[in-house]
Amino acid sequence: MDIKIVDLCVKVKDKEILNNFNLNINSGEIHVIMGPNGVGKSTLSKVIMGNSDYDVVSGDILVNGKSIKDLDVSQRAKLGIFLSFQNPLEIEGVTNSEFLKTMVRDVRDSDISLYDFIKEVNVCSEELEFNKDMLHRHINQNFSGGEKKKNEILQMKMLRPKFIILDELDSGLDVDSLHLVCSNINKYLEDNPSCAVLIITHYTRLLKEIVPDYVHVLKDGKIVYTGDSSLAEKIEKSGYKVFDNGTSNIAEDTVYE
């Protein structure tokens, strides 16, 4: 799946968050967005997914050359767009299994037998070391941070997306759980080589597990610098002050302390 974001301007309650934001993600590529708190990283993920709380003032989001700006969340999901939330919601009264079966039926646009569903969800749960008892509990209720994130990736595996957005996946995961979750994502990408990925993160530990093709720095509502995976390591050592003028003072072989 190819994604092209063109001159996107987004406001929330009359406050401009994204300003002429541009980004191309080609099929099979892994892109990372990094930047200080409050610059619009999570806003970008929610706007791509179609969250109506955000006002798209101008610009467009194209998937395989076609605008999705007027599509609602469910329509975008059916196209194959998936967002793993930074802070997954708890939903009382709906079990994980009920939620998963409804999602699978709607997004795949075809029914699935109970036998096939149980077989598939059990395999995915085992691969994630996700306790099967949690399938029968209300969504994310009394789940640990790591369990919530595993639940997000369980949904991903069941929905079989073509474009995956991971918003601070590493938040709430210990070292072992991060490795397990990332191994599942990498296996999915191996099996689906045309799948595109957008990762939003503050830290390099996730990027040692899922190695990106491009790393972008977001400041003042737009991308101010792009590099390869080594850029994340330089940011970790130098911080974001080197981008205060809208360009980077990071030389190819230099880290500014």
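Before reading on, note that the structure itself is shown above.
Residues numbered from 1 in each chain as written. Predicted model: local features only at pLDDT ≥ 70, side-chain atom pairs only at ≥ 80, totals over all residues. Heavy atoms only, no water.

Peer 1: Can you tell me about the overall build of the chain, naming the residues and giving the values?
Peer 2: When helices and strands are counted, the chain shows seven helices and 12 strands. The C-alpha radius of gyration computed for the chain amounts to 18 Å, which stays within 12% of the reference 18 Å derived for 257 residues, consistent with globular compactness. Taken along the three principal axes of its C-alpha coordinates, the chain extends 55 × 40 × 35 Å. Relative to its 257 residues, the chain shows a buried fraction of 48%. For the chain, long-range pairs separated by at least 24 residues make up 66% of all intrachain contacts whose partners lie at least 6 apart in sequence. (Helix = DSSP H or I, 4+ residues; strand = E, 2+ residues; numbered from the N terminus. Rg over C-alpha atoms; globule rule 2.2 N^0.38 Å. Buried < 20%, exposed > 50% of the residue type's maximum accessible area, 1.4 Å probe, protein only. Contact = heavy atoms within 4.5 Å.)

Peer 1: Go over helix H1 (residues 41-49) with me, naming the residues and quoting the values.
Peer 2: Burial of H1 is extensive: eight of the nine residues sit out of reach of the surface. Lys41, Ser42, Thr43, Leu44, Ser45, Val47, Ile48 and Met49 are the residues of H1 that are buried. After H1 finishes, the residue glycine 50 shows a positive phi value of roughly 100 degrees.

Peer 1: Give me the pattern of salt bridges: which residues, what numbers.
Peer 2: Under the counting rule described, the total for this entry stands at seven salt bridges. When the shortest N-O distance is used, the salt bridge between arginine 160 and glutamate 120 registers 3.1 Å. One end of the pair, arginine 160, is in the loop between helix H5 (145-159) and strand E9 (163-167); the other, glutamate 120, is in helix H4 (residues 114-128), and 40 residues separate them in sequence. Glutamate 127 serves as the salt-bridge partner of lysine 157, at 2.6 Å between the closest nitrogen and oxygen. Of this pair, lysine 157 sits in helix H5 while glutamate 127 is found in helix H4, placing the two residues 30 residues apart along the sequence. Owing to a relative accessible area of 39%, glutamate 127 belongs among the partly exposed residues under this scheme. (Salt bridge = Lys/Arg side-chain N within 4 Å of Asp/Glu carboxyl O.)

Peer 1: Describe unusual backbone geometry, listing the residues and the values that go with them.
Peer 2: A positive phi is found at asparagine 140, a non-glycine position, where the angle reads about 65 degrees. Position of asparagine 140 among the secondary structure elements: in the loop between strand E8 (138-139) and H5. For asparagine 142, which is not a glycine, the phi torsion comes out positive at approximately 60 degrees. Its location among the elements puts asparagine 142 in the loop between E8 and H5. When its relative accessible area of 71% is taken as the criterion, asparagine 142 is described as exposed.

Peer 1: Go over the environment of glycine 40 with me, naming the residues and quoting the values.
Peer 2: Relative to the helices and strands, glycine 40 is located in the loop between strand E3 (30-34) and H1. Given a relative accessible area of 6%, glycine 40 falls into the buried group. The sequence separation of glycine 40 and leucine 218 amounts to 178 residues, and the corresponding C-alpha distance is 7.7 Å. Beyond its immediate stretch of four places on either side in the chain, glycine 40 contacts Ile17, Leu18 and Leu218.

Peer 1: Let's hear about the sheet that holds strand E4 (residues 55-63): which residues, and what values?
Peer 2: Across a sheet, strands are paired by hydrogen bonds formed along the backbone, either parallel or antiparallel in direction. If you walk across this open sheet you meet the four strands as E2-E1-E4-E5, and the pairing is antiparallel. Of all strands in the sheet, those bounded by a partner on one side alone are strand E2 (15-25) and strand E5 (66-67). In the sheet, E4 pairs with E5 via two bridges, with the strands oriented antiparallel. Considered in E5, the bridge of valine 63 is made with lysine 66. With respect to the sheet, H1 is in contact with strand E1 (3-12), E2 and E4, its orientation differing from that of E1 by roughly 110 degrees. (Pairing = 2+ DSSP bridges. Axes fitted to C-alpha atoms, helices over the stretch in contact; angles between N-to-C directions.)

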